[in-house]
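Residues per chain, in single letters:
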Amino acid sequence: EAQVTQNPRYLITVTGKKLTVTCSQNMNHEYMSWYRQDPGLGLRQIYYSMNVEVTDKGDVPEGYKVSRKEKRNFPLILESPSPNQTSLYFCASSLLSGTGNQPQHFGDGTRLSIL
Amino acid sequence: SQQGEEDPQALSIQEGENATMNCSYKTSINNLQWYRQNSGRGLVHLILIRSNEREKHSGRLRVTLDTSKKSSSLLITASRAADTASYFCATDAGAAGNKLTFGGGTRVLVKP
């Protein structure tokens, strides 16, 4: 089954304790992206990757890191989490097309609470 | 800032009725997409309409696009309780990185 898998689904942690949210897709998609979803603000893009070893900042990259060492994986790293990073996080992937966006496939989300 | 703004923010209808929601955006786009999000789940792609298209259908879904007004609408016909979800429009404005910009969503409640 084609899917985007995020782990963990839920995490409660404390300020300053490094954490990683993993994301893996099995569709051989070139493009992967991380979003955060906050009430009243919709989804905002954190980082994206067009292919292996190619990553770039989205709209709200501060406090986050990513890496793309393999095509299927795109982990999101919070080196020193703070309470304002409490949010619902989504990983998404898609094919790349010269004619414009392809539909994005989303994971089920990771709810992070930073105390 | 949000490119797409959905209207209304919330909608409550009876099963069998039609649901219409609108999306307005600010800049020129390559395409516009609609997604559904069930409570506690990820977004699911519904339909993509390109800037040179005016209308598109998929099952009970009908999407229109008016680039002169920078607006789109999503119509769900003969709604079912399972259509209860939040619906988001997302625009591709040709920005770097194939970025999609999402609106704040419309919460739809279909009462049985």
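From a predicted model like this one, the values you see are computed outputs, not experimental measurements.

Undergrad: What exactly am I supposed to notice about the overall build of chain B here?
TA: Within chain B one finds zero helices and eleven strands. Helices and strands appear in chain B in the N-to-C order β-β-β-β-β-β-β-β-β-β-β. Expected size for 112 residues packed as a compact globule is a radius of gyration near 13 Å; at 13 Å, chain B falls within 12% of this value. Considering chain B as a whole, with its 112 residues, one finds that 47% of them fall into the buried category. For chain B, the accessible area works out to roughly 5,200 Å², and carbon and sulfur atoms hold 45% of it.

Undergrad: Before we go on, may I ask you to explain the sheet that holds strand β1 (residues 4-7) of chain A in this structure?
TA: For sheets, the rule is that strands pair by backbone hydrogen bonds, running either parallel or antiparallel. Residue and element names in this part refer to chain A. Spatially, four strands are ordered β1-β3-β8-β7 in an open sheet, and the strand pairing comes out antiparallel. Two strands close off the open sheet at either side, each with one partner strand: β1 and β7 (65-66). Looking at chain direction, β7 and strand β8 (residues 76-78) are connected through two bridges and run antiparallel. Residue pairing in the sheet places Lys65 in a bridge with Ile77 of β8.

Undergrad: How do you make sense of the pattern of salt bridges when you look at a structure like this?
TA: Pairs may arise between side chains of opposite charge once their charged atoms sit close together. Residue and element names in this part refer to chain A. Here the structure, examined in full by the defined rule, presents seven salt bridges over all chains. Note that Arg36 and Asp38 form a salt bridge whose closest N and O atoms lie 2.8 Å from each other. Accessibility classification places Arg36 together with Asp38 in one group, the buried group. Here Arg44 and Asp38 are joined by a salt bridge, their closest N and O atoms 2.8 Å apart. The class of Arg44 is partly exposed, set by a relative accessible area of 24%. Beyond isolated ion pairs, a larger network of salt bridges with shared partners links Arg36, Asp38 and Arg44.

Undergrad: What is the right way to read the state of the cysteines from this model?
TA: Covalent bonding between the sulfur atoms of two cysteines is what defines a disulfide. All names here are of chain B. Scanning all chains against the criterion turns up two disulfides over all chains. Between the sulfur of Cys23 and that of Cys89 lies a disulfide, 2.0 Å long from S to S. Residues Cys23 and Cys89 are joined through a disulfide that is right-handed, its torsion about the S-S bond being 65 degrees. Taken together, the residues Cys23 in strand β3 (residues 19-24) and Cys89 in strand β9 (residues 85-92) connect sequence positions 66 residues apart.

About the cut-offs
- Within any chain, residue numbers begin from 1 and follow the written order of that chain's sequence.
- Lettering for chains starts from A, numbering for ligands starts from 1, and both go in the order in which the items are written.
- With the structure being a predicted model, the display of local features is reserved for residues of pLDDT at least 70 and the display and counting of side-chain atom pairs for 80 or more, all residues being used for whole-chain, interface and lining totals.
- Only hydrogens and water are set aside; all other atoms, that is, all heavy atoms of the structure, feed into the side-chain values.
- Only DSSP runs of H or I with at least four residues qualify as helices, and only runs of E with at least two residues qualify as strands; both kinds are numbered from the N terminus onward.
- Both definitions apply: the radius of gyration is a C-alpha atom measure, and the globule rule equals 2.2 Å times residues to the power 0.38.
- Residue burial is assigned from relative accessible area. The probe radius is 1.4 Å, only protein chains are included, and a residue is buried under 20% of its type maximum, exposed over 50%, and partly exposed in between.
- For the accessible areas, the method is Shrake-Rupley and the probe is 1.4 Å, while residue cover comes only from the protein chains on display.
- At least two DSSP bridges between two strands are needed for those strands to be called paired.
- We count a salt bridge whenever a side-chain nitrogen from Lys or Arg sits within 4 Å of a carboxyl oxygen from Asp or Glu.
- Cysteine sulfurs are considered disulfide-paired once they come within 2.5 Å of each other.

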